[in-house]
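# Results of the structural survey
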Amino acid sequence: MKIIMFFYVLFFMACSHQPVFKEKAVKCVALVIGNQDYMDILENPINDAKGMARVLKSIGFEVILRLDVTLAQLDESLALLRTKIEPNNTMIFIYFAGHGNTLNRNSSEEYLLMTDKKEKTLVSIYKFYSFLREVKSRYNIICIDACRDYREQYVSINKKKRLKNFRGNLGVRSIRQEKGVKKNEMAFFDNKYSYALPRSTIVSYAAMHHQVASDFSVHDSSHSSYAYALMKFLDDKEIPIEEVFRRVRVSQLKESNGQQSNLEETNLEKNIWLVPKQAPIAFMPPI
């Protein structure tokens, strides 16, 4: 009987003192860019960037905020971001607000306009893809708050109003068709990158292909419709990031009468909760 009691006590102690294994916390880092120091009028990218930075900080992101960025400053910002990344254990959030366009009628490749003064400087979104592949981040969220329409030249009718309300109209064609660049205007294309979506990535565009992106929301004239909705829903508890973007889409479709809708491209391998309410870890298996 004593032998039985001895083993019972050992068993009880073993069950009562099992080691607790916790998943290592995923590091969250964001690069937030707002560009509006253009010849063409935009009013809200800086407001949007500051607002996004504030929301991301409130949900635990370390934020690098950059305003009116040139190409050189973008490279410096990415270099700084690289120093903060733990390979395979970092979630990266990249947000860009400013002018953007596709430069070929049949292409979905997005180009983002920097604020360089000597020459019009456009950066392919694939630059971000290349960076994220190199640093081997664990999860990636990219938000592009810019137009995705194709325009060969500047709009000449109601130009001021058009450029004030929308985030497009770069006034150039693709690098293969530089006829759209004015004779006295230099343009540089940072597009030496190939398309290959990094692993576990979701890319959200403020507008669908061939759509323009509004520079202001009817609910808040100090923010774009996309930024307004994204800031409203990004910190909602216990919903995955794809549900966040679905709610943004409903908001944009409603306020634009169906004229603007965000669009996502994703290869996420599991759902991501940015603000878990009770979950012990931030990343849960798929539903």
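How each quantity is defined
- Residues numbered from 1 in each chain as written.
- Predicted model: local features only at pLDDT ≥ 70, side-chain atom pairs only at ≥ 80, totals over all residues.
- Heavy atoms only, no water.
- Pairing = 2+ DSSP bridges.
- Helix = DSSP H or I, 4+ residues; strand = E, 2+ residues; numbered from the N terminus.
- Axes fitted to C-alpha atoms, helices over the stretch in contact; angles between N-to-C directions.
- Contact = heavy atoms within 4.5 Å.
- Buried < 20%, exposed > 50% of the residue type's maximum accessible area, 1.4 Å probe, protein only.
- Salt bridge = Lys/Arg side-chain N within 4 Å of Asp/Glu carboxyl O.
- Polar contact = N/O pair within 3.5 Å; in protein donor to acceptor, adjacent residues only side chain to side chain.
- Core = buried A, V, L, I, M, F, W, Y, C linked by side-chain atoms within 4.5 Å.
- Expected span 1.5 Å × (residues − 1).

Consider a sheet: its strands pair through backbone hydrogen bonds, and that pairing is either parallel or antiparallel. On the basis of which strands lie adjacent, the open sheet formed by four strands has the order 4-5-6-8 and mixed pairing. Single-partner strands in this sheet number two, and they are strand 4 (100-102) and strand 8 (187-190). Mean inter-strand twist for the sheet, computed between neighbouring axes without regard to direction, equals 30°. Across three bridges, strand 4 lies against strand 5 (residues 110-113) in antiparallel orientation. Bridging from a neighbouring strand, Thr-102 pairs with Glu-110 of strand 5. Across the face of the sheet, helix 4 (residues 126-135) comes into contact with strand 5, strand 6 (120-124) and strand 8 while running at roughly 50° to strand 6.

This part takes up unusual backbone geometry. The phi dihedral of Asp-68 is positive, around 50°, even though this residue is not glycine. Position of Asp-68 relative to the elements: it lies in the loop between strand 2 (62-67) and helix 3 (71-83). Unusually for a residue other than glycine, Ser-200 sits at a positive phi of about 55°. Position of Ser-200 among the secondary structure elements: in the loop between strand 8 and strand 9 (201-205). Of the residues examined, Ser-200 reaches a relative accessible area of 5% and is grouped as buried.

A full pass over the atoms with the stated rule returns twelve salt bridges. Its salt-bridge partner being Glu-269, residue Arg-199 comes within 2.4 Å of it at the nearest N-O pair. Separated by 70 residues along the polypeptide, Arg-199 in the loop between strand 8 and strand 9 and Glu-269 in the segment after strand 10 (263-266) bring together distant segments of the chain. Ionic contacts of the salt-bridge type, sharing partners, join the residues Asp-75, Lys-127, Asp-190 and Lys-192 into one network.

Next up on the list: the side chain of Asn-262. Looking at the secondary structure, you find Asn-262 in the loop between helix 7 (241-255) and strand 10. Of the polar contacts made by the side chain of Asn-262, one reaches the backbone nitrogen of Arg-249; its length is 3.0 Å. Of the polar contacts made by the side chain of Asn-262, one reaches the side chain of Glu-264; its length is 3.0 Å. Those residues in contact with Asn-262 that lie beyond four places of it in its chain are Ser-204, Tyr-205, Ala-206, Ala-207, Met-208, Tyr-226, Phe-245, Val-248, Arg-249 and Gln-252.

This paragraph deals with the pairing of strand 9. The buried fraction of strand 9 is high, at five of five residues. Of the two faces of strand 9, the one holding Thr-201, Val-203 and Tyr-205 and the one holding Ile-202 and Ser-204 are both buried throughout. As paired elements, strand 7 (residues 139-145) and strand 9 share five bridges and run parallel to each other. Each residue of the ladder has a partner; that of Ile-141, found in strand 9, is Ile-202.

Attention now moves to the nonpolar core. One finds Leu-56, Phe-61, Phe-93, Tyr-95, Leu-230, Leu-234 and Leu-274 to be the most contacted residues of the largest nonpolar core, which totals 41 residues. Every element with two or more residues in this core is listed here: strand 1 (27-34), helix 2 (45-58), strand 3 (90-97), strand 7, helix 6 (225-233) and helix 7. If one sorts the elements of this core by residue count, helix 6 sits on top with six residues. The residues contacting Phe-93, other than those within four sequence positions of it, are Val-29, Ala-30, Leu-31, Met-52, Leu-56, Phe-61, Ile-141, Cys-143 and Leu-234. Among the nonpolar cores identified, the runner-up in size contains 37 residues, and Leu-31, Ile-94, Phe-96 and Ile-142 belong to it.

Pairing in this open sheet of six strands is mixed, and the strands run 2-1-3-7-9-10 from one edge to the other. Where the open sheet ends on each side, the last strands, each with one partner, are strand 2 and strand 10. In this sheet, neighbouring strand axes are inclined to one another by 10° on average, regardless of whether the strands run parallel or antiparallel. Across the sheet, helix 7 is in contact with strand 7, strand 9 and strand 10; its angle to strand 10 comes to roughly 160°.

Right, let's get into helix 2. The terminal C-alpha atoms of helix 2 lie 20 Å apart, and with 14 residues this matches the ideal 20 Å at 1.5 Å per residue to within 8%. Among the residues of helix 2, Pro-45, Ile-46, Asp-48, Ala-49, Gly-51, Met-52, Ala-53, Val-55 and Leu-56 are the ones counted as buried. Next to the buried residues of helix 2 lie strand 1, strand 2, strand 3, strand 7 and helix 6. Looking at the residues trailing helix 2, positive phi occurs at Gly-60, about 100°.

Moving on, we come to the environment of Phe-131. Tracing the sequence through the fold places Phe-131 in helix 4. Classification of Phe-131 as buried rests on a relative accessible area of 5%. Placed 52 residues apart in sequence, Phe-131 and Ala-79 show a C-alpha to C-alpha distance of 9.6 Å. Those residues in contact with Phe-131, other than ones at most four positions away along the chain, are Leu-78, Leu-81, Arg-82 and Ile-85.

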